[in-house]
Amino acid sequence: MAFGLTLRGLPSSEIRSRVEEAATVLGLTSPDNLLPRKPKALSGGQRQRVALGRAMVRKPKVFLFDEPLSNLDAKMRVEMRDEIVQLHRRVGATMIYVTHDQVEAMTMADRIVVMSQGCVDLYEKPANRFVAGFIGSPPMNFIRGSLTSGSGRVEFRETCAAGHGALLVLPESVNGKLPPSHQAEVILGLRPEHLHPFRGQTPAGH
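What this report covers is the structure whose coordinates are included nearby. Position numbers for residues count from 1 along each chain, tracking the sequence in the order it is written. Two thresholds apply to this predicted model, a pLDDT of at least 70 for residue-level local features and 80 or more for giving and counting side-chain atom pairs, whereas whole-chain, interface and lining totals are computed over all residues. Heavy atoms throughout the structure, all of them, feed into the side-chain values; hydrogens and water do not.

### Re the overall build of the protein
Item 1. The way it works is that DSSP assigns letters per residue, a run of H or I at least four long becomes a helix, a run of E at least two long becomes a strand, and they are numbered from the N terminus. When helices and strands are tallied, the protein shows six helices and eight strands.
Item 2. Its helices and strands taken in sequence order, the protein reads α-α-α-β-α-β-α-β-β-α-β-β-β-β from the N to the C terminus.
Item 3. Based on C-alpha atoms, the radius of gyration is set beside the globule rule, defined as 2.2 Å times the residue count to the power 0.38. Against the 2.2 N^0.38 benchmark of 17 Å for 206 residues, the protein shows a C-alpha radius of gyration of 26 Å, more extended than a compact globule.
Item 4. Based on the C-alpha atoms only, the size of the protein along its principal axes is roughly 75 × 30 × 30 Å.
Item 5. Whether a residue is buried, partly exposed or exposed follows from its accessible area with a 1.4 Å probe, protein chains only, as a fraction of its type maximum: under 20%, in between, or over 50%, in that order. Evaluated residue by residue, the protein yields a buried proportion of 28% over its 206 residues.
Item 6. Any two residues whose heavy atoms approach within 4.5 Å are treated as being in contact. Counting contacts in the protein only where the partners sit at least 6 residues apart, residues at least 24 apart contribute 50% of the total.
Item 7. Accessible surface for the protein amounts to roughly 14,100 Å². Of this, 54% is attributable to carbon and sulfur atoms.
Item 8. Only four residue types enter the charge count, namely Lys and Arg as positive and Asp and Glu as negative; His and the chain termini do not. Think of each charge as sitting on NZ of Lys, CZ of Arg, CG of Asp or CD of Glu. Each charge sign in the protein was given a centre, from 26 positive and 20 negative side chains, and these centres are 6 Å apart. Values of accessible area rely on a 1.4 Å probe in the Shrake-Rupley scheme; residue burial ignores everything except the protein chains shown.

This is the structure in structure tokens:
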């Protein structure tokens, strides 16, 4: 971890202080001190932590993490997630974290961006069905049906082979986004956290 700092000509005391601080955060000093070991004497997870330490000791303004926890076991991954979050709070630097683990992203990030074929989409307002279904645990629910606007409200009717499906009256905020009279086949997406039990009496035909 000290190699890059040595090349930059930093004083030995500064190098030692930075390495020891990073090693403590990354668990490289306890229960066994791993700092004297050569890379070939370290496990895959330990090498991953050393690589993370090499970035930490330089104290950059921007960190770019490309799946840094992929070689760690489940227990260590959970611990390292917390350590990286704490590191971010202490250092205050921007951290761009690339991961295919959506749970990891959702538990660590201040902002989440999904990239698909060069396009960037967000969790709250996904641009397409791929992003809507990819991010989220449990994933978004999709219901095929028709959308009708008129009489001052927008209704969604589920397409159902057995007959009439569920009828939903959408929020008033949707009214202004459609023409006064409009009908179209659509796919409605509902996040599980937006569904709540209804204990009242269901109106006839709904």
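Next comes the rest of the description.
### Overview of the nonpolar core
Item 1. Residue types Ala, Val, Leu, Ile, Met, Phe, Trp, Tyr and Cys, when buried and joined through side-chain atoms within 4.5 Å, form a set referred to as a nonpolar core. Counting 27 residues, the largest nonpolar core has L28, L52 and M56 as its most contacted members.
Item 2. Broken down by secondary-structure element, the contributors of at least two residues to this core are α2 (12–25), α3 (44–56), β1 (62–66) and α4 (74–91).
Item 3. Tallying contributions element by element places α2 first for this core, with five residues.
Item 4. The residues touching L52, leaving out its near neighbours within four places in the chain, are L26, F65, M80 and I84.

### Regarding a nonpolar patch on the surface
Item 1. A grouping of V62, L64, I96 and V98 is seen on the molecular surface, where their side chains present a nonpolar patch of about 360 Å² in accessible area.
Item 2. Its place among the elements puts V62 in strand β1. Patches here are clusters of residues that have more than 30% relative accessible area and form no salt bridge, with a 9 Å joining cutoff for like charges and a 5 Å cutoff for nonpolar side chains (Val, Leu, Ile, Met, Phe, Trp, Tyr). Salt bridges are identified by distance alone: a Lys or Arg side-chain nitrogen within 4 Å of an Asp or Glu carboxyl oxygen.

### Quick word on α4
Item 1. When the terminal C-alpha atoms of α4 are compared, their 26 Å separation across 18 residues agrees well with the 26 Å that a helix rising 1.5 Å per residue should span.
Item 2. Three or more residues of α4 are buried, namely R77, M80, R81, I84, V85 and L87. Down the axis of α4, the buried side of the element spans an arc of 155 degrees, and every buried residue falls inside it. Residues K75, V78 and R89 are exposed on α4 and point more than 90 degrees away from its buried face. Expected span of a helix: the number of residues minus one, times 1.5 Å. The directions from the helix axis to the C-beta atoms are what the arc is built from.

### Quick notes on unusual backbone geometry
Item 1. Residue P138 is bonded to the preceding S137 through a cis peptide linkage, with omega at 0 degrees.
Item 2. Within the secondary structure layout, P138 lies in the loop between α6 (129–134) and β5 (141–150).
Item 3. Here the phi dihedral of E67 falls at roughly 50 degrees; this positive angle occurs in a residue that is not glycine.
Item 4. With relative accessibility at 27%, the residue E67 sits in the partly exposed group.

### Focus: the packing of α3 against α4
Item 1. α4 packs onto α3 with a crossing angle of 5 degrees between their chain directions and a minimal axis gap of 13 Å. On the basis of the axis angle, α3 is roughly parallel to α4. Between α3 and α4, the residues in contact are R49, L52 and M56 and M76, M80, I84 and L87, respectively. Axis angles are defined between N-to-C directions and span 0 to 180 degrees, where every axis is a line fitted to C-alpha atoms and, for a helix, only to the segment in contact. Any angle between 65 and 115 degrees counts as roughly perpendicular, while under 35 counts as roughly parallel, over 145 as roughly antiparallel, and the rest as oblique.

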